[in-house]
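Chain by chain, the residues:
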Amino acid sequence: MPTRKLAKWQILLSEFDIVYITQKVVIWQALAVHLAENLVGGAYEPLKTYFPDEEVSFVGEDITEAYDSWRMFFDGAANFRRVGIRAVLVSEMGEHYPVSTKLRFPCTNNMAEYEAYVLGLNVVVDMNIQELLVIGDLDLLVHQVQGEWVTKNSKILSYLHHVQELRKRFTKIEVRHVPKI
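Residues numbered from 1 in each chain as written. Predicted model: local features only at pLDDT ≥ 70, side-chain atom pairs only at ≥ 80, totals over all residues. Heavy atoms only, no water.

**Observations regarding the overall build of the chain**
Phase 1 of the analysis: When helices and strands are tallied, the chain shows 5 helices and 5 strands.
Phase 2 of the analysis: Going from the N terminus to the C terminus, the chain shows its helices and strands as α-α-β-β-β-α-β-α-α-β.
Phase 3 of the analysis: The long-range share in the chain, meaning contacts at least 24 apart out of those at least 6 apart in sequence, stands at 62%.
Phase 4 of the analysis: Total accessible area on the chain stands at roughly 12700 Å², and carbon and sulfur atoms take up 57% of it. (Helix = DSSP H or I, 4+ residues; strand = E, 2+ residues; numbered from the N terminus. Contact = heavy atoms within 4.5 Å. Areas by Shrake-Rupley, 256 points an atom, 1.4 Å probe, with all protein chains shown as cover.)

Next comes the structure, spelled out in structure tokens:
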């Protein structure tokens, strides 16, 4: 349903039998091409696609630095229509293992970030990885997980307790904050 300017244009153009149709987001086409290039048959294999702009998302953070353990990047986003979460695991060899999903319940952006963090940690635990560097863009989550900040929000508190239980399964886990651009 068009709103504001689009509705006004639709009314003005209706006398000329011109129909305005909003375009779908182009991202879906890019996603379809990406999935077509990286078919998965049988066992899951790491992506072979080169992401030319991956450094752009990490201004001020040297992601080319060699790490001796696995890395996990996570992000969550919520708006009035849907909630999406994702995590990308990066092996010591630089192989990328992405995982993402949509949440079918209403939640805040902070809850979506925690859901993404838990999603990634669950995958890492299933893969029996013992050492992990976690990188996220929500300063609040990083400080709460590290015990530097406290929360009084009961919904976030339950996430925090669950994350603390998952963190006990690692021999070494480090969480870093990378600011949003």
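**Some points on the packing of aromatic side chains**
Think of a pair of aromatic rings as described by two things: how far the centres are apart, and how the planes are tilted against each other in angle.
Phase 1 of the analysis: Within the structure shown, the criterion is met by 3 aromatic pairs.
Phase 2 of the analysis: Where Phe 74 meets Tyr 117, the ring centres are 5.1 Å apart and the plane angle is 50 degrees; that geometry is what we call tilted. Here Phe 74 is found in strand 1 (residues 70–78), whereas its partner Tyr 117 is found in helix 3 (residues 109–126), with 43 residues between them in sequence.
Phase 3 of the analysis: Judged by centre distance (5.8 Å) and plane angle (25 degrees), the ring pair of Tyr 114 and Tyr 159 falls under stacked. In this pair, Tyr 114 sits in helix 3 while Tyr 159 sits in helix 5 (residues 154–167), placing the two residues 45 residues apart along the sequence. (Phe/Tyr/Trp six-rings, centres within 6.5 Å; stacked < 30°, edge-to-face > 60°.)

**Here's the deal with the sheet that holds strand 1**
Phase 1 of the analysis: Across the sheet, 5 strands lie side by side as 3-2-1-4-5; this open sheet has mixed pairing. Two strands close off the open sheet at either side, each with one partner strand: strand 3 (96–103) and strand 5 (172–177). Within this sheet the neighbouring strands show an average axis-to-axis angle of 20 degrees, counted without direction.
Phase 2 of the analysis: Where strand 4 (residues 131–136) meets strand 5, 6 bridges bridge the pair, whose relative direction is parallel. (Pairing = 2+ DSSP bridges. Axes fitted to C-alpha atoms, helices over the stretch in contact; angles between N-to-C directions.)

**Some words on the environment of Val 150**
Phase 1 of the analysis: Here Val 150 is to be found in the loop between helix 4 (139–145) and helix 5.
Phase 2 of the analysis: Judged by relative accessible area, Val 150 falls into the exposed class, the value being 74%.
Phase 3 of the analysis: Taking the C-alpha atoms as reference points, Val 150 and Leu 160, 10 residues apart in sequence, are found 9.7 Å from one another. (Buried < 20%, exposed > 50% of the residue type's maximum accessible area, 1.4 Å probe, protein only.)

**Side note on helix 5**
Phase 1 of the analysis: Compared with the 20 Å implied by 1.5 Å per residue over 14 residues, the 20 Å span of helix 5 between its first and last C-alpha is a close match.
Phase 2 of the analysis: Along helix 5, the residues that are buried comprise Ile 156, Tyr 159, Leu 160, Val 163, Leu 166 and Arg 167. Down the axis of helix 5, the sector holding all buried residues measures 120 degrees, keeping them to one side. Summarising the geometry of helix 5, the exposed residues directed more than 90 degrees from the buried face are Ser 154 and His 161. (Expected span 1.5 Å × (residues − 1). Arc of directions from axis to C-beta.)

**A word on the nonpolar core**
Phase 1 of the analysis: Ranked by size, the top nonpolar core spans 36 residues in total, and within it Met 72, Tyr 117, Leu 121 and Leu 132 carry the most contacts.
Phase 2 of the analysis: Among the elements of the structure, strand 1, strand 2 (83–90), strand 3, helix 3, strand 4, helix 4, helix 5 and strand 5 are those that each provide at least two residues to this core.
Phase 3 of the analysis: Of all the elements, helix 3 adds the most residues to this core, at 10 residues.
Phase 4 of the analysis: Not counting the four nearest positions on each side in its chain, Leu 121 is found in contact with Met 72, Leu 132, Val 163, Leu 166, Phe 170 and Ile 173.
Phase 5 of the analysis: Core analysis: the next-biggest nonpolar cluster, separate from the first, contains 5 residues, Val 90, Leu 133, Ile 135 and Val 178 among them. (Core = buried A, V, L, I, M, F, W, Y, C linked by side-chain atoms within 4.5 Å.)

**A short note on a positive patch on the surface**
Phase 1 of the analysis: Side chains of Arg 81, Arg 82, Lys 102 and Arg 104 sit close together on the surface and give a patch of like positive charge.
Phase 2 of the analysis: Positionally, Arg 81 belongs in the loop between strand 1 and strand 2.
Phase 3 of the analysis: Judged by relative accessible area, Arg 81 falls into the exposed class, the value being 62%. (Patch = residues over 30% accessible without salt bridge, like charges linked within 9 Å, V, L, I, M, F, W, Y side chains within 5 Å. Salt bridge = Lys/Arg side-chain N within 4 Å of Asp/Glu carboxyl O. Lys, Arg positive; Asp, Glu negative; His and termini not counted. Charge placed at Lys NZ, Arg CZ, Asp CG, Glu CD.)

**Examining the packing of helix 3 against helix 5**
Phase 1 of the analysis: Packing of helix 3 against helix 5 leaves a shortest axis separation of 10 Å and a crossing angle of 20 degrees. By the angle class used here, helix 3 and helix 5 are roughly parallel. Between helix 3 and helix 5 lies a crossing of left-handed hand. Contact residues: Asn 110, Met 111, Tyr 114, Glu 115, Tyr 117, Val 118, Leu 121, Asn 122 and Val 125 in helix 3; Lys 155, Ile 156, Tyr 159, Leu 160, His 162, Val 163, Leu 166 and Arg 167 in helix 5.
Phase 2 of the analysis: Considered class by class, the residues forming the contact of helix 3 with helix 5 number 11 nonpolar, 3 polar and 3 charged. (Parallel < 35°, antiparallel > 145°, perpendicular 65-115°, else oblique. Left-handed = near helix turned anticlockwise from the far one by under 90°. Nonpolar A, V, L, I, M, F, W, Y, C, P; charged D, E, K, R; others polar.)

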